[in-house]
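Breakdown of the fold
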Amino acid sequence: MQLDSSGLQVLSREECLTLLSTTPIGRIVFTDRALPAVQPVNFHLDGLFIVIRTSIGSKLAAATRRAVVAFEADEFDPDLRTGWSVTAVGHARAVTDPAEINRLAALPLTTWAPGSRDHYIVVEAEQVSGRRIVGPRLNGAAPQQ
């Protein structure tokens, strides 16, 4: 097990992708009027592609066309003090091909936000990194009070 300088377990690309496939919510980081913006989104991992549904007129749809974005998802258990975080960086693109839209519409990607979400954004996970924190009960250390 490889640890970083903070004592967190460094995850392999494969572990990162597996973890991304287990959670439906993440955060996309993009540029909005020359400033960084972060937005929570529902997503589905389709191979190396993070698929997001949004409305065609949203800030997210406008800001991510052919832009480099970051995407992050995580999961934590505060009682066990365990968790993981995965970040992917890649180019985002709007999906316009009708055949690809039909294929993406068949994915198990349900949006939580109200309203029409018939615009698809795909982010290729070009760079992927992740860390896992192993709680004190799992790594042999005594829990801190």
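All of the points below concern the structure found in this document.

Thresholds, definitions, all that
Residues numbered from 1 in each chain as written. Predicted model: local features only at pLDDT ≥ 70, side-chain atom pairs only at ≥ 80, totals over all residues. Heavy atoms only, no water. Helix = DSSP H or I, 4+ residues; strand = E, 2+ residues; numbered from the N terminus. Buried < 20%, exposed > 50% of the residue type's maximum accessible area, 1.4 Å probe, protein only. Phe/Tyr/Trp six-rings, centres within 6.5 Å; stacked < 30°, edge-to-face > 60°. Polar contact = N/O pair within 3.5 Å; in protein donor to acceptor, adjacent residues only side chain to side chain. Contact = heavy atoms within 4.5 Å. Core = buried A, V, L, I, M, F, W, Y, C linked by side-chain atoms within 4.5 Å.

With respect to unusual backbone geometry
Negative phi characterises most residues that are not glycine, and trans characterises most peptide bonds. Even without being glycine, arginine 33 reaches a positive phi, approximately 55°. As for its placement among the helices and strands, arginine 33 is situated in the loop between strand E2 (25-32) and strand E3 (35-42). Look at arginine 33 and you get exposed, because its relative accessible area is 68%. Of note, alanine 34 is a non-glycine position whose phi angle comes to about 70°, a positive value. Relative to the helices and strands, alanine 34 resides in the loop between E2 and E3. Judged by relative accessible area, which is 71%, alanine 34 ranks as exposed.

Let's talk about the packing of aromatic side chains
Counted according to the given criterion, the structure contains 1 aromatic pair. Considering the side-chain rings of phenylalanine 43 and phenylalanine 71, the 4.7 Å spacing of their centres and the 70° angle between planes classify their relative orientation as edge-to-face. With phenylalanine 43 in the loop between E3 and strand E4 (44-46) and phenylalanine 71 in strand E6 (residues 68-77), the pair connects residues that are 28 residues apart, well separated along the chain. Note on phenylalanine 43: relative accessible area 4%, which makes it buried. Overall, phenylalanine 71 belongs to the buried group, its relative accessible area being 1%.

Some points on the side chain of threonine 54
Relative to the assigned elements, threonine 54 resides in strand E5 (residues 49-54). Within the structure, the side chain of threonine 54 is placed 3.0 Å from the side chain of serine 58, a separation counted as a polar contact. For threonine 54, the contacting residues outside a window of four places in its chain are Leu60, Ala61, Ser116, Arg117, Asp118, His119 and Ile121.

Comments concerning the nonpolar core
Counting residues in hydrophobic clusters, the biggest one holds 27 residues, and the most contacted among them are Leu20, Ile28, Ile50, Ile52, Phe71 and Val86. Of all elements in the fold, only helix H1 (13-20), E2, E3, E5, helix H2 (59-63), E6, strand E7 (82-94) and strand E8 (119-124) reach the threshold of two or more residues within this core. Excluding its chain neighbours within four sequence positions, the residues that come into contact with isoleucine 50 are Phe43, His44, Leu45, Phe71, Ala88, Ile121, Val122 and Val123. Among the nonpolar cores identified, the runner-up in size contains 7 residues, and Leu104, Leu109, Tyr120 and Val122 belong to it.

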